[in-house]
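The chain contents come next:
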Amino acid sequence: MSHIPSDLKYTASHEWIRREADGTLTVGISDHAQEALGDLVFVELPEVGRTLAAGEACTVVESVKAASDVYAPVAGVVTAQNEAVKNSPELISQNAYDAWLFRLQPADAKAFDALLDAAAYAKEIG
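Residues numbered from 1 in each chain as written. Predicted model: local features only at pLDDT ≥ 70, side-chain atom pairs only at ≥ 80, totals over all residues. Heavy atoms only, no water.

Undergrad: An account of the sheet that holds strand β6 (residues 57-63) is needed here, citing residue identities and associated values.
TA: Read across the open sheet, the three strands follow the order β4-β6-β7; overall the sheet is antiparallel. Where the open sheet ends on each side, the last strands, each with one partner, are β4 (40-44) and β7 (67-71). Across the sheet, the mean angle from the axis of one strand to that of its neighbour is 25 degrees, orientation sign disregarded. The sheet contact formed by β6 and β7 spans five bridges and is antiparallel. When the bridges of β7 are listed, V60 appears paired with D69. (Pairing = 2+ DSSP bridges. Helix = DSSP H or I, 4+ residues; strand = E, 2+ residues; numbered from the N terminus. Axes fitted to C-alpha atoms, helices over the stretch in contact; angles between N-to-C directions.)

Structural data, given as structure tokens:
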């Protein structure tokens, strides 16, 4: 069974989202997603400054089994990318909730509240 921290929000497409003190959102893939993908070998991150629409494919994670898109959970502008996972994708497999992918300044701060909580995400993944 996948670990689902209760202090994060989630999307049906398996992203986790954490609101930071400065209002930005940190985005990664869930434990469920990394387990399904298997050993990750490549990560392509969105460029800092890129404007994303909610639901837009913006990151690619590639494993020995498959490549998968990661989607922006809300609309906003990319403010940071995690170089560590770009250089060492296996960090995501080691701890999906420490190995964030990118940070986003949301266009609408309230959009975060509409994302799935841990209980709703747990139901989503069955």
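Undergrad: Describe in detail the nonpolar core, supporting the description with residues and values.
TA: If you look at the biggest cluster of nonpolar residues, it comprises 24 residues, and the most contacted ones within it are I29, V43, L52, V85, I92, L101 and F102. In terms of residues, this core owes the most to one element, strand β3 (residues 25-29), which gives three residues. Setting aside its immediate chain neighbours within four residues, V85 contacts V43, L45, L91, I92, A99, W100 and L101. One finds Y10, A80, Y97 and W100 within the second-largest nonpolar core, a separate group that totals 10 residues. (Core = buried A, V, L, I, M, F, W, Y, C linked by side-chain atoms within 4.5 Å. Buried < 20%, exposed > 50% of the residue type's maximum accessible area, 1.4 Å probe, protein only. Contact = heavy atoms within 4.5 Å.)

Undergrad: Describe the packing of aromatic side chains, listing the residues and the values that go with them.
TA: Tallying each qualifying case throughout the model produces two aromatic pairs. A ring pair is formed by Y10 and Y121, whose centres lie 4.7 Å apart and whose planes are at 10 degrees; its orientation type is stacked. Of this pair, Y10 sits in strand β1 (residues 9-10) while Y121 sits in helix α4 (residues 118-125), and the two are 111 residues apart along the sequence. Take Y10: its relative accessible area is 0%, and that puts it in the buried class. Y121 sits in the buried class, given a relative accessible area of 0%. When the ring of W16 is compared with that of Y97, the centres are 6.1 Å apart and the planes differ by 55 degrees; the resulting orientation is tilted. Taken together, the residues span a long stretch of sequence, with W16 in strand β2 (residues 15-19) and Y97 in the loop between α3 (90-94) and β9 (102-106) at a distance of 81 residues. Residue W16 shares its accessibility class with Y97, and that shared class is buried. (Phe/Tyr/Trp six-rings, centres within 6.5 Å; stacked < 30°, edge-to-face > 60°.)

Undergrad: Can you break down the sheet that holds β2 residue by residue, with the values?
TA: The strand order across the open sheet built from six strands is β1-β2-β3-β9-β8-β5, with neighbouring strands paired in antiparallel fashion. Both edges of this open sheet fall to β1 and β5 (51-52), since each of them pairs with a single strand only. With two bridges joining them, β1 and β2 adopt antiparallel strand pairing. Counterpart to Y10 in the pairing with β2 is W16.

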